[in-house]
Amino acid sequence: MSQNNVLKGVFLVAIGATTYGMLATFVKMAYSEGYTTAEVTTSQFVLGIIGILLINAFQKAKHKENVVKATKKNIFSLMLAGTSLGMTSLFYYLAVKYIPVSIGIVLLMQTVWMGVLLEMILEKKLPSKQKVIAVFIVLIGTVLATNIIHNDVALDWRGLAWGILAAASFTTTMFTANSVATEISSAQRSLYMLLGGSIIVFSFAIATQVTPFNFEIFMKWGIILALFGTIIPPMLMTAGFPLTGIGLGSIVSALELPVSVMMAYILLDEKVILSQWIGIVLIIFAIIIMNVNFKRKN
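Reading guide: rules and limits
Residues numbered from 1 in each chain as written. Predicted model: local features only at pLDDT ≥ 70, side-chain atom pairs only at ≥ 80, totals over all residues. Heavy atoms only, no water. Axes fitted to C-alpha atoms, helices over the stretch in contact; angles between N-to-C directions. Helix = DSSP H or I, 4+ residues; strand = E, 2+ residues; numbered from the N terminus. Parallel < 35°, antiparallel > 145°, perpendicular 65-115°, else oblique. Left-handed = near helix turned anticlockwise from the far one by under 90°. Contact = heavy atoms within 4.5 Å. Phe/Tyr/Trp six-rings, centres within 6.5 Å; stacked < 30°, edge-to-face > 60°. Buried < 20%, exposed > 50% of the residue type's maximum accessible area, 1.4 Å probe, protein only. Expected span 1.5 Å × (residues − 1). Patch = residues over 30% accessible without salt bridge, like charges linked within 9 Å, V, L, I, M, F, W, Y side chains within 5 Å. Areas by Shrake-Rupley, 256 points an atom, 1.4 Å probe, with all protein chains shown as cover. Salt bridge = Lys/Arg side-chain N within 4 Å of Asp/Glu carboxyl O.

K.L.:
Give me the lowdown on the packing of helix 3 (residues 72-98) against helix 8 (residues 186-208), citing residues and values where you can.
P.N.:
Relative to each other, helix 3 and helix 8 sit at 50 degrees, their axes nearing to 6 Å. Here helix 3 lies oblique to helix 8, going by the angle between them. Where helix 3 crosses over helix 8, the two elements pack in a sense that is right-handed. Contacts from Ile75, Leu78, Met79, Ala81, Gly82, Thr83, Leu85, Gly86, Met87, Leu90 and Leu94 in helix 3 reach Arg189, Tyr192, Met193, Leu194, Leu195, Gly196, Gly197, Ile199, Ile200, Val201 and Phe204 in helix 8.

K.L.:
Kindly report on the packing of aromatic side chains, identifying the contributing residues and their values.
P.N.:
Taken as a whole and judged by the stated rule, the model has eight aromatic pairs. With 5.2 Å between their ring centres and 80 degrees between their planes, Phe26 and Phe228 make a pair best called edge-to-face. Taken together, the residues span a long stretch of sequence, with Phe26 in helix 1 (residues 3-32) and Phe228 in helix 9 (residues 217-244) at a distance of 202 residues. In this pair, the class of Phe26 matches that of Phe228, namely buried. With 6.1 Å between their ring centres and 40 degrees between their planes, Phe213 and Phe218 make a pair best called tilted. Residue Phe213 is classed as partly exposed on the basis of its relative accessible area of 23%.

K.L.:
Break down the side chain of Ser84 for me, citing the residues and quoting the values.
P.N.:
Looking at the element boundaries, Ser84 is found in helix 3. Once residues within four sequence positions are removed from consideration, Ser84 is found in contact with Ser169, Thr172, Thr173 and Thr176.

K.L.:
Explain helix 5 (residues 111-123) residue by residue, including any values.
P.N.:
Compared with the 18 Å implied by 1.5 Å per residue over 13 residues, the 17 Å span of helix 5 between its first and last C-alpha is a close match. Within the sequence span of helix 5, burial applies to Thr111, Val112, Met114, Gly115 and Val116. Backbone geometry just downstream of helix 5 places Lys124 in the positive-phi region, at approximately 55 degrees.

K.L.:
I'd like to hear about a nonpolar patch on the surface, residue by residue, with values.
P.N.:
The grouping of Met262, Tyr265, Ile266 and Leu267 at the surface amounts to a nonpolar patch, some 390 Å² of accessible area in total. Its location among the elements puts Ile266 in helix 11 (residues 256-267).

K.L.:
Pulling in residues and values, what's your account of the environment of Phe228?
P.N.:
When the C-alpha atoms of Phe228 and Ala24 are compared, they prove to be 9.7 Å apart, with 204 residues separating the residues in sequence. Sequence-distant contacts of Phe228, defined by excluding residues within four places in its chain, comprise Thr19, Tyr20, Met22, Leu23, Phe26 and Pro233.

K.L.:
Any details on the environment of Asn147? Residues and values, ideally.
P.N.:
Note on placement: Asn147 falls in the loop between helix 6 (129-145) and helix 7 (157-177). Not counting chain neighbours up to four residues away, the residues in contact with Asn147 comprise Ile273, Ser275 and Gln276.

Bear in mind that shape data such as this cannot, by itself, settle questions of function.
Structure below.
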């Protein structure tokens, strides 16, 4: 693989991670204007599906016969996998409703150790020393980044619980997204996963929206949420990861963490102390340890 392709992959993954890192701040700003979680997620998924449909139509017109069509089995598998995508959005947005964005993104990053645990269960073998060390660093970094020890104000347990659930569902999404129907285009895969996720999101909206639905959110925040949450990140990351490889791609995608915290600091005026920044750096360091091969080649 040429160096130019790797650099292109790094750029694509970096932009994808950066845009996703901005998402929670926009959600919090929508909340401040009185919009509900149901309105936020519904507008994001509806406009996201429309956007991905347009991308699929463009690709089909451009490549014509070269586009591999999804089978019924592909569609079912991707929609089933997409339900965890819908749950990730719901749980994450519910989390930042009760806790700061800077804490919410740290909780979402618990996918690092959850991924190791899930891999151990599925493959029925103990993780390497390298991964165990990375997990311990993540846990130490999490304690610092959430400021649990020195925080005078108790964090809302609802936010913490939703944050952990978001991490668990995101872990499932990552495992399924990288293994289900990989022979079809990323645009098709994104579409069917979004359709699966929309079942969860729309069911939640129907069950929880007690006031009249405010359709203004589609123009006010829906477009931004769809672009930064369901269109740009998955499209760029699925295009970039094959060029960078999983290891380098995972390291670059960790940009999501500092970007999310910086956005919350600048736009929401969330205070982040030095020990929290140290915790964030430790989590990123753990991701690097987990994805770098330290063995020297002869």
